[in-house]
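Structural characterization, general
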Amino acid sequence: MKLTVIAATGGIGRHLVAQAVAAGHDVTAVARRPQELPADVRAVAVDLTRPDQPALASAVRGADAVLSALGPRNPRTDAGITSRGTRAIISAMQETHTQRIIIVSAAPVGTVPVPGQPRPPRHDPGDGFFMRYLGTPLTHALFGRHYADLAVTEQLLRDSGLEWTISRPPKLTDRPATGQYRTALNRNIRGGITVPRADVAHHMIAVINQPDTIRQTIGIAS
Ligand SMILES: NC(=O)c1ccc[n+]([C@@H]2O[C@H](COP(=O)([O-])OP(=O)(O)OC[C@H]3O[C@@H](n4cnc5c(N)ncnc54)[C@H](OP(=O)(O)O)[C@@H]3O)[C@@H](O)[C@H]2O)c1
């Protein structure tokens, strides 16, 4: 397949590139620091703070899927980049008639209100007692601004007309890939506290050709 990886030098992004190349896919990698990319991919330099639309359109044109692991390097100070960058990616995909996109959001986002979804559930149906009353309130207190931006990002996709899938992991780790992760459509994973970045990347590539994941959010955890 022809795949475009956005934020290809990030934690999940690096795994997306490495796993896609290892599987024999034709990879275009979008990064603001393209010098950090491996030599065996087509590199496109775009800083999504000031998106270069023609460059972004050239990166997504003809792709069977776009995989985005875009997010703030510091979610407490840089919140806002995910929606801004995703808006530009969606626009480039609409312009080039590219349909399939898979992005990374976060497990606590399903309970965040946005104009398109003003009354989300008070608790994610997959969350147990610990996440409902301790984990989620704590992470909301720490990263609330970033989660609000992720909720806006998810809404942009719901309104886009594209064939989107949203991955919602809990705390990410740098442990090696296990392939043993659990997933669930439209809810978090009961008792799922962490997941390796490598497994999230593996699952994002796996869902590209799973039609039942189109226009769905997916909980993923070890
Ligand atoms: N950390 C967690 O435990 C956790 C849990 C659940 C969900 N998440 C979500 O998962 C996302 C991905 O996680 P991760 O660990 O892979 O994040 P990460 O390592 O911080 O990677 C973020 C990526 O976004 C890129 N980026 C940021 N601003 C950019 C800009 N202006 N233009 C172009 N690229 C830009 C970064 O580029 P550079 O490489 O150039 O910096 C980097 O490649 C997070 O952002 C968060 O929303 C995180």
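Presented here is a report on the structure given in the accompanying data block. (Residues numbered from 1 in each chain as written. Predicted model: local features only at pLDDT ≥ 70, side-chain atom pairs only at ≥ 80, totals over all residues. Heavy atoms only, no water.)

Quick look at the overall build of the chain
Of regular secondary structure, the chain possesses 5 helices and 10 strands. Taking 17 Å as the expected radius of gyration for a compact globule of 222 residues, we find that the chain reaches 16 Å, a close match to that expectation. Dimensions of the chain, computed from the C-alpha atoms along their principal axes, are close to 45 × 35 × 35 Å. Looking at the chain as a whole, 52% of its 222 residues qualify as buried. Taking the contacts inside the chain whose residues are at least 6 apart along the sequence as the reference set, 70% of them involve residues at least 24 apart. (Helix = DSSP H or I, 4+ residues; strand = E, 2+ residues; numbered from the N terminus. Rg over C-alpha atoms; globule rule 2.2 N^0.38 Å. Buried < 20%, exposed > 50% of the residue type's maximum accessible area, 1.4 Å probe, protein only. Contact = heavy atoms within 4.5 Å.)

Here's the deal with the sheet that holds strand β6 (residues 163-168)
One key point about sheets: their strands pair by backbone hydrogen bonds, in either a parallel or an antiparallel sense. Judged by pairing direction, the sheet is mixed, and its 8 strands sit side by side in the order β3-β2-β1-β4-β5-β6-β10-β8 without closing on themselves. Looking at the sheet topology across the chains shown, the edges are occupied by β3 (42-45) and β8 (182-185). In this sheet, neighbouring strand axes are inclined to one another by 20 degrees on average, regardless of whether the strands run parallel or antiparallel. In the sheet, strand β5 (residues 100-104) pairs with β6 via 5 bridges, with the strands oriented parallel. Residue pairing across strands places Ile101 opposite Trp164, the latter belonging to β6. Of the strands in this sheet, β4 (65-68), β5, β6, β8 and β10 (216-221) touch helix α5 (residues 197-206), which is tilted by about 145 degrees from β10. (Pairing = 2+ DSSP bridges. Axes fitted to C-alpha atoms, helices over the stretch in contact; angles between N-to-C directions.)

Re the site of the ligand
Residues in close proximity to the ligand total 27 residues, the closest being Thr9, Ile12, Arg73, His146 and Arg197. Gly11 places a main-chain nitrogen or oxygen 2.8 Å from an oxygen atom of the ligand. Arg197 has a polar side-chain atom sitting 2.6 Å from an oxygen atom of the ligand. In isolation the ligand offers 910 Å² of accessible surface; the protein chains occlude 88% of this area. Those elements giving two or more residues to the shell around the ligand turn out to be α1 (11-22), α4 (129-158) and β7 (171-173). (Near = heavy atom within 4 Å. Polar contact = N/O pair within 3.5 Å; in protein donor to acceptor, adjacent residues only side chain to side chain. Areas by Shrake-Rupley, 256 points an atom, 1.4 Å probe, with all protein chains shown as cover.)

Concerning the packing of aromatic side chains
To describe a pair of aromatic rings, one takes the distance between the centres and the angle between the planes. Applying the stated rule across the entire model yields 2 aromatic pairs. Between Phe129 and Tyr133, the ring centres sit 5.1 Å apart and the planes meet at 45 degrees, which makes this aromatic pair tilted. Residue Phe129 and its partner Tyr133 are both found in helix α4; the two are separated by 4 residues, about one turn of the helix. On the accessibility criterion, Phe129 (67% relative accessible area) is exposed. Here Tyr133 falls in the partly exposed class, since its relative accessible area comes to 46%. Taken together, a centroid distance of 6.3 Å and an interplanar angle of 70 degrees make the contact between Phe143 and Tyr147 edge-to-face. (Phe/Tyr/Trp six-rings, centres within 6.5 Å; stacked < 30°, edge-to-face > 60°.)

Re the pairing of strand β2 (residues 26-31)
Note on strand geometry: in a regular strand, side chains alternate between the two faces of the sheet. With 5 of 6 residues buried, β2 is to be regarded as a mostly interior element. In terms of handedness, the path from strand β1 (residues 2-6) via α1 over to β2 forms a crossover that is right-handed. With 4 bridges joining them, β2 and β3 adopt parallel strand pairing. Each residue of the ladder has a partner; that of Ala29, found in β3, is Ala43. (Right-handed = clockwise from strand over helix to strand, strands pointing away.)

Some points on the environment of Arg168
As for its placement among the helices and strands, Arg168 is situated in strand β6. For Arg168, a relative accessible area of 9% translates into the label buried. Dropping the residues within four chain positions of it, Arg168 is found in contact with Ser105, Ala106, Ala107, Val109, Gly110, Asp124, Glu154, Asn188, Thr217, Ile218, Gly219 and Ile220. Within the local environment of Arg168, its side chain forms a polar contact with the side chain of Glu154, the two groups lying 2.7 Å apart.

Observations concerning helix α2 (residues 53-60)
For α2, the full list of buried residues reads Ala55, Leu56, Ala57, Ala59 and Val60. Residues of α2 that are buried in the fold lie against β1, β2, β3, β4 and α3 (81-96). Downstream of α2 by a residue or two, Gly62 has a phi angle that is positive, lying close to 80 degrees.

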